[in-house]
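Here is how the chains run, residue by residue.
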Amino acid sequence: MAVDLGPVDDALFEFLHMEAAKLLQNVSTGEGMNTAEMKLDSMGFRVGLALIEKSSSEMMRFKDELDMMRFLCKEFWVSTFLKQIDNLRTNHQGVYVLQDSQFRFLTNVAEGTQYLTESQPLLAFSCGVVRGALFNLGLRCTVTAEVTNLPVCKFHVTML
């Protein structure tokens, strides 16, 4: 008889994510905050490479860049962050904005403007995951995250 540990796995992963962000932030205080965020981003990049390989292995070829972004917002986001993206916008010139109104890693952060700056390290890993996934699909891009109101998060994806 198989035991379903889904919620336990999710809770452990969220705890691990928060502790990794906190640890790297504490270790890198002398080197600067950008160092911690770069390390988290590169960790996320490697995770994104592996996760998209698993998620897209049974998919047919994508028609275009927008088709890849739709796949990322629907299937990949559900398997990675447990829900679909709430809003995908594009200017059709290589810039995409993905909005998640209940972002998984920000739902446990207290609401209020004083926590906006403290939430940035929690987003570096996720930016790396998105960048790694898109890189494995053949898209080179930069990914940044913006939080103006917790737990709403906007990911800005700019194709290179």
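Rules and cut-offs
Residues numbered from 1 in each chain as written. Predicted model: local features only at pLDDT ≥ 70, side-chain atom pairs only at ≥ 80, totals over all residues. Heavy atoms only, no water. Helix = DSSP H or I, 4+ residues; strand = E, 2+ residues; numbered from the N terminus. Buried < 20%, exposed > 50% of the residue type's maximum accessible area, 1.4 Å probe, protein only. Contact = heavy atoms within 4.5 Å. Areas by Shrake-Rupley, 256 points an atom, 1.4 Å probe, with all protein chains shown as cover. pLDDT = per-residue confidence, 0-100. Pairing = 2+ DSSP bridges. Phe/Tyr/Trp six-rings, centres within 6.5 Å; stacked < 30°, edge-to-face > 60°. Core = buried A, V, L, I, M, F, W, Y, C linked by side-chain atoms within 4.5 Å. Bend = angle between axes of the 7 residues up to and from the residue.

## Observations concerning the overall build of the chain
For the chain, the helix and strand inventory stands at 4 helices and 4 strands. Beginning at the N terminus, the succession of helices and strands in the chain can be written as α-α-α-β-β-α-β-β. Expressed as a percentage of the 160 residues in the chain, the buried residues total 39%. Long-range pairs, those at least 24 residues apart, make up 58% of the contacts in the chain with a sequence separation of at least 6. Total accessible area computed for the chain in this model is approximately 9,400 Å², and 55% of it derives from carbon and sulfur atoms.

## A word on the confidence of the model for the chain
Averaged over the chain, the pLDDT score is 81; the fraction of residues at 70 or greater is 78%. Ranking the helices and strands of the chain by mean pLDDT puts strand S2 (residues 95-100) first, with 96, and helix H1 (residues 6-27) last, with 64.

## Considering the pairing of strand S4 (residues 152-159)
Going residue by residue along S4, you find Cys153, Phe155, Val157 and Met159 tucked away on one face and Val152, Lys154, His156 and Thr158 left uncovered on the opposite face. Across 6 bridges, S2 lies against S4 in antiparallel orientation. Note that in S4 the partner of glutamine 99 across the bridge is lysine 154. Direction of pairing for strand S3 (residues 141-149) relative to S4: antiparallel, over a ladder of 7 bridges.

## A word on the packing of aromatic side chains
This structure, assessed with the given rule, holds 7 aromatic pairs. With 6.4 Å between their ring centres and 50° between their planes, tryptophan 77 and phenylalanine 103 make a pair best called tilted. In this pair, tryptophan 77 is assigned in helix H3 (residues 65-81) and phenylalanine 103 in the loop between S2 and helix H4 (116-136), connecting sequence segments 26 residues apart. With a relative accessible area of 0%, tryptophan 77 lands in the buried category. Given a relative accessible area of 0%, phenylalanine 103 falls into the buried group. Taking 5.2 Å as the distance between ring centres and 50° as the angle between the ring planes, the aromatic pair formed by phenylalanine 81 and phenylalanine 103 counts as tilted. With phenylalanine 81 in helix H3 and phenylalanine 103 in the loop between S2 and H4, the pair connects residues that are 22 residues apart, well separated along the chain. What links up through ring pairs into an aromatic cluster is the set Trp77, Phe81, Phe103 and Phe155.

## Side note on the nonpolar core
By size, the foremost hydrophobic cluster in this structure holds 41 residues, and its most contacted members are Leu98, Phe103, Leu106, Leu134, Phe155 and Val157. Elements represented by at least two residues in this core include exactly helix H2 (33-55), H3, S2, H4, S3 and S4. Considering each element in turn, this core owes the most residues, 10 residues, to H4. Contacts of leucine 134, omitting those with residues within four sequence positions, involve Met69, Leu72, Leu139, Cys141, Val157 and Met159.

## Things to note about H3
At leucine 72, H3 shows its strongest bend, of approximately 35°. Inspection of H3 places Leu66, Met68, Met69, Phe71, Leu72, Cys73, Phe76, Trp77, Thr80 and Phe81 among the buried residues, and these make up the whole buried set. Immediately downstream of H3, the backbone of leucine 82 shows phi near 70°, a positive value.

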